[in-house]
Amino acid sequence: MAPRRTTTKPPKNPAPAEPVVCSPCDGSGMVAATVRVGRKRRPVGQQDGLCLNCLGTGTNPDA
């Protein structure tokens, strides 16, 4: 007969870590970019632009 095991096995795969959200875009991947027009370059509004920190993924690349 085989000896009985008195301890339990550790789990095979630990739970994956939660991805860290990018702070400039708050995880959306988009940031507001000011639109400027005219010779004096006056601001007239904003449009969505790609977040240059995470390149649109929404997760922090430094984590």
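Described in the following lines is the structure provided in the data block. (Residues numbered from 1 in each chain as written. Predicted model: local features only at pLDDT ≥ 70, side-chain atom pairs only at ≥ 80, totals over all residues. Heavy atoms only, no water.)

A word on the overall build of the chain. The helix and strand tally for the chain stands at zero helices and two strands. Overall size of the chain, expressed as C-alpha extent along the three principal axes, is 90 × 15 × 15 Å. Here the chain, with 63 residues, has 11% of them falling under the buried criterion. Contacts in the chain between residues at least 24 apart in sequence constitute 39% of all its contacts with a sequence separation of at least 6. As displayed, the chain offers around 5900 Å² of accessible surface, 53% of which is attributable to carbon and sulfur atoms. When the 9 basic and 4 acidic side-chain charges of the chain are each reduced to a single mean position, those positions are 4 Å apart. (Helix = DSSP H or I, 4+ residues; strand = E, 2+ residues; numbered from the N terminus. Buried < 20%, exposed > 50% of the residue type's maximum accessible area, 1.4 Å probe, protein only. Contact = heavy atoms within 4.5 Å. Areas by Shrake-Rupley, 256 points an atom, 1.4 Å probe, with all protein chains shown as cover. Lys, Arg positive; Asp, Glu negative; His and termini not counted. Charge placed at Lys NZ, Arg CZ, Asp CG, Glu CD.)

Quick look at the environment of Val31 now. Relative to the helices and strands, Val31 resides in strand S1 (residues 30–37). Residues Val31 and Gly49 lie 18 residues apart in sequence; the distance between their C-alpha atoms is 5.3 Å. Apart from the residues lying within four places of it in its own chain, the contact partners of Val31 are Pro24, Cys25, Gln47, Asp48, Gly49, Leu50 and Cys51.

The pairing of S1 with strand S2 (residues 42–50) spans eight bridges and is classified as antiparallel. Across the sheet, residue Val37 finds its bridge partner in S2, namely Arg42. Between the antiparallel neighbours S1 and S2 lie four residues, among them Gly38 with a positive phi of about 85°. (Pairing = 2+ DSSP bridges.)

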